Amino acid sequence: AQSVTQLDSQVPVFEEAPVELRCNYSSSVSVYLFWYVQYPNQGLQLLLKYLSGSTLVKGINGFEAEFNKSQTSFHLRKPSVHISDTAEYFCAVTLNNAGNMLTFGGGTRLMVKP
Amino acid sequence: KAGVTQTPRYLIKTRGQQVTLSCSPISGHRSVSWYQQTPGQGLQFLFEYFSETQRNKGNFPGRFSGRQFSNSRSEMNVSTLELGDSALYLCASSLNARAVNTEAFFGQGTRLTVV
């Protein structure tokens, strides 16, 4: 079975600073990887996904992530954060034959300070 | 187009009661998945329905059940509620049955409180 670990439960950062949110996964087969964002009292919104091809994936709101198969990681980055990026971020995986079933990490709360 | 609609948004129930939550997917979407979100366990997959058939089921007791109607709307039911069932229940709507081919759109959730 696959699993996802988000190494940081909270990441405080000052506005306009760069940020990296870490995600590691475990699976014996190939996986597909996703990052979602959840704003307070909202559902989840897809930021980006890696299916195949280029290991650097660009998403919405200036976020990007890099797939590293040897390190089984899929870290999310943004070069300059805004106050509005304050939210909870979830890394998720699925398998090719798993339909729409997503396995989520525990989440990382990004807190952007002025 | 309208997004995923979950009703009700908030619900308070007493232990031992049962509850039914509803999810209307985006028009044209045929797959509906349900997730439970709690501070302790995070986001956990409950089940997925596609064209009225349950395709996948998570590791939850039989008290949790669901169904999907011919118009793709879905309901989930929890019987004999326990305090630990208090959670945000999220519904996700997808065009087809494979996450790799389509994006999952989430509703705002139903916050269930069991007292």
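An account of the accompanying structure is given in this report. (Residues numbered from 1 in each chain as written. Chains lettered and ligands numbered in written order. Predicted model: local features only at pLDDT ≥ 70, side-chain atom pairs only at ≥ 80, totals over all residues. Heavy atoms only, no water.)

**Notes on the overall build of chain B**
Piece 1. Secondary structure assignment for chain B yields zero helices and eleven strands.
Piece 2. In chain B, the succession of α and β elements from N to C terminus is β-β-β-β-β-β-β-β-β-β-β.
Piece 3. For chain B, whose C-alpha radius of gyration is 13 Å, the value lies close to the compact-globule estimate of 13 Å for 115 residues.
Piece 4. For chain B, the residues scored as buried account for 51% of the 115 residues in total.
Piece 5. Expressed as a percentage of contacts within chain B between residues at least 6 apart in sequence, the contacts between residues at least 24 apart total 54%.
Piece 6. Averaging the positions of the 12 positive and the 6 negative side-chain charges in chain B gives two centres separated by 2 Å. (Helix = DSSP H or I, 4+ residues; strand = E, 2+ residues; numbered from the N terminus. Rg over C-alpha atoms; globule rule 2.2 N^0.38 Å. Buried < 20%, exposed > 50% of the residue type's maximum accessible area, 1.4 Å probe, protein only. Contact = heavy atoms within 4.5 Å. Lys, Arg positive; Asp, Glu negative; His and termini not counted. Charge placed at Lys NZ, Arg CZ, Asp CG, Glu CD.)

**A closer look at the pattern of salt bridges**
Piece 1. One pass over the full model with this rule turns up eleven salt bridges over all chains.
Piece 2. Between A:Arg22 and A:Asp8 there is a salt bridge, with the nearest N and O atoms lying 3.0 Å from each other. One end of the pair, A:Arg22, is in the loop between β3 (19-21) and β4 (24-26); the other, A:Asp8, is in the loop between β1 (3-5) and β2 (10-14), and 14 residues separate them in sequence.
Piece 3. Judged by relative accessible area, A:Arg22 falls into the partly exposed class, the value being 32%.
Piece 4. With its nearest N and O atoms 3.2 Å apart, the salt bridge here joins B:Arg73 to B:Glu75.
Piece 5. The buried category is assigned to B:Glu75, whose relative accessible area is 16%.
Piece 6. Salt bridges here are not isolated pairs; linked through shared partners, they connect A:Glu20, A:Glu66 and A:Arg77. (Salt bridge = Lys/Arg side-chain N within 4 Å of Asp/Glu carboxyl O.)

**Topic: empty space enclosed by the protein**
Piece 1. This model, assessed by the stated rule, comprises two cavities of 30 Å³ or more.
Piece 2. Of the voids in this model, the largest cavity is the one considered here, and its volume is about 60 Å³.
Piece 3. Lining the largest cavity are A:Asn41, B:Arg9, B:Tyr10, B:Leu88, B:Gln108, B:Gly109 and B:Arg111.
Piece 4. Classifying every residue of the lining of the largest cavity gives two nonpolar, three polar and two charged. (1 Å grid on protein atoms, 1.4 Å probe; cavity = no way out; pocket = protein on both sides within 12 Å on 5 of 7 lines; lining within 4 Å. Points joined across faces, edges and corners; volume = space filled by probe spheres on them. Nonpolar A, V, L, I, M, F, W, Y, C, P; charged D, E, K, R; others polar.)

**Describing the interface of chain A and chain B**
Piece 1. Opposite the 20 residues of chain A that make contact, chain B presents 24 residues.
Piece 2. Taken over both partners, the interface formed by chain A and chain B buries close to 1800 Å², and the fraction arising from carbon and sulfur atoms is 51%.
Piece 3. Taken together, chain A and chain B are joined by zero salt bridges.
Piece 4. Only β5 (32-38), β6 (44-50) and β10 (87-94) of chain A provide two or more residues apiece to the side of chain A that touches chain B.
Piece 5. At four residues, β5(A) tops the list of elements feeding residues into the side of chain A that touches chain B.
Piece 6. Residues belonging to the side of chain A that touches chain B are distributed by class as follows: eleven nonpolar, eight polar and one charged. (Buried area = accessible area lost by both parts, 1.4 Å probe.)

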